[in-house]
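Observations on the model geometry
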Amino acid sequence: STGQITPKLIDPTDDEVSSKAFKDYEPQLNFMPRIAFAFPISDVANFFAHYDVLTQRPSTGYRMDPSQYYYLAARQGSFINNPDLKPQRTTDYELGFTQTLNERKNSAITLSAFYREFRNLIQAISVNYAYPVNYTTFGNIDFGTTKGFTVAYDLRRTGGIQLTASYTLQFADGTGSGAQDQVNLLNSGQPNLRTLIPLDFDQRHAIVTNVDYRFGSGSNYHGPVLKTKKREVRVFDNVGGNIVMRAGSGVPYSRQFTPTQDAAFGIANRSSLKGSINGS
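Rules and cut-offs
Residues numbered from 1 in each chain as written. Predicted model: local features only at pLDDT ≥ 70, side-chain atom pairs only at ≥ 80, totals over all residues. Heavy atoms only, no water. Helix = DSSP H or I, 4+ residues; strand = E, 2+ residues; numbered from the N terminus. Polar contact = N/O pair within 3.5 Å; in protein donor to acceptor, adjacent residues only side chain to side chain. Salt bridge = Lys/Arg side-chain N within 4 Å of Asp/Glu carboxyl O. Buried < 20%, exposed > 50% of the residue type's maximum accessible area, 1.4 Å probe, protein only. Phe/Tyr/Trp six-rings, centres within 6.5 Å; stacked < 30°, edge-to-face > 60°. Lys NZ or Arg CZ within 6 Å of the ring centre and 35° of its normal. Pairing = 2+ DSSP bridges. Patch = residues over 30% accessible without salt bridge, like charges linked within 9 Å, V, L, I, M, F, W, Y side chains within 5 Å. Areas by Shrake-Rupley, 256 points an atom, 1.4 Å probe, with all protein chains shown as cover.

1. Observations regarding the side chain of Asp65
As for its placement among the helices and strands, Asp65 is situated in the loop between strand S2 (45–56) and helix H1 (66–70). Of note is the side chain of Asp65, whose polar atom sits 2.7 Å from the side chain of Ser67.

2. Concerning the pattern of salt bridges
Applying the stated criterion across every chain yields a total of 11 salt bridges. Note that Arg116 is salt-bridged to Asp92, the shortest N-O span being 3.4 Å. Residue Arg116 is found in strand S4 (residues 107–127), and its partner Asp92 is found in strand S3 (residues 88–100); the two are separated by 24 residues along the sequence. Assessed through its relative accessible area of 29%, Arg116 is described here as partly exposed.

3. Quick notes on the packing of aromatic side chains
In the structure shown here, the tally under the stated rule is seven aromatic pairs. For the pair Phe37 and Phe47, a centre-to-centre distance of 6.4 Å together with 50° between the ring planes defines the contact as tilted. Of the two residues, Phe37 is situated in strand S1 (residues 34–42) and Phe47 in strand S2; the sequence distance between them amounts to 10 residues. Aromatic side chains Tyr93 and Tyr115 sit 6.1 Å apart centroid to centroid with 40° between the ring planes, which places their arrangement in the tilted category. Placement of the pair is Tyr93 in strand S3 and Tyr115 in strand S4, with a sequence separation of 22 residues. You can call Tyr115 partly exposed: its relative accessible area is 30%. Members of the aromatic cluster, each reached through a chain of ring pairs, are Tyr51, Tyr93 and Tyr115. Between Arg119 and the ring centre of Phe143, over which it is positioned, the NZ or CZ distance is 5.6 Å.

4. Some words on the environment of Ser219
By the secondary structure assignment, Ser219 is in the loop between strand S8 (205–214) and strand S9 (225–227). For the pair Ser219 and Gly176, spaced 43 residues apart in the sequence, the C-alpha separation amounts to 57 Å.

5. Re the environment of Phe215
Relative to the elements of secondary structure, Phe215 occurs in the loop between S8 and S9. In this structure Phe215 comes out as buried when scored by relative accessible area, which is 18%. Residues Phe215 and Gly160, spaced 55 residues apart in sequence, show a C-alpha to C-alpha distance of 6.0 Å.

6. Section: the pairing of S4
Relative to S4, S3 is paired through 12 bridges, and the arrangement is antiparallel. Its bridge partner lying in S4, Gln99 is registered against Ile109. Taken together, S3 and the strand that follows it, S4, pair antiparallel across an intervening segment of six residues, in which Lys105 is found at a positive phi of about 60°.

7. So, a nonpolar patch on the surface
Side chains of Leu226, Val235, Phe236 and Val239 sit close together on the surface and give an oily, nonpolar patch of about 310 Å² of accessible area. Checked against the element boundaries, Val235 lands in the loop between strand S10 (232–234) and strand S11 (240–248). Looking at Val235, the relative accessible area reads 45%, which means it is partly exposed.

8. Concerning unusual backbone geometry
Positive phi, normally seen in glycine, also occurs at Tyr129, with a value near 60°. Within the fold, Tyr129 resides in the loop between S4 and strand S5 (135–158). At Asn278, a residue that is not glycine, the phi angle is positive and equals roughly 55°. By secondary structure assignment, the location of Asn278 is in the segment after S11.

Written out as structure tokens, the structure is:
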């Protein structure tokens, strides 16, 4: 009568929620090995690598709320939680090399490459042909990867100065940056987007520098001294400071043909994508 495909009910006269529609959550056993090793090539060079597997509990839409199912027909258009969500999983690989740069062995450079894989990420999904209505929930369908290269320089404290600096080149792609990235797509009747796009944190270039200066104390003090008739006063004894400088390229965003308001009440805004998602 509705003109749409609907499921055939085994017992149309059963108006109560049947226990057959639910099942117990299957316990998840997560094996998370973390392996790291270093191989000294000489007294001035070191080769290192690590392999990590990390998991975490679902962070969105995992709470069981019976009222959502009892009043499913009245909640059309709103999210239904999914207590059957699986843990999210991250696999991390890194391979690197460290080399000292002078005979004093107070400065070194480190070259490393990394690769991270994200699995079972949470994303909104649409359950079609459900009874009594179609609904939107969450599923472990998203995935992503981050790969890059880092160059780091380390200067041990020399003359009161300690310096660390690093440059990272990164590429981050995935099928979604958040659990509700594809809500608008689902609301328009389209299926989930299964295409790799730049993630929200896909920052191509990043530079971090930390400069720390200490005047020292005792026999290691090297600051100004105020001499009096009775004794010498070390003006900056145990005094120091540091500066952290960060610089980076921009992160991607989705350009629109027309502007939309971030905070508006009673006004219907509809964004119109210009180009691709996170393509600018």
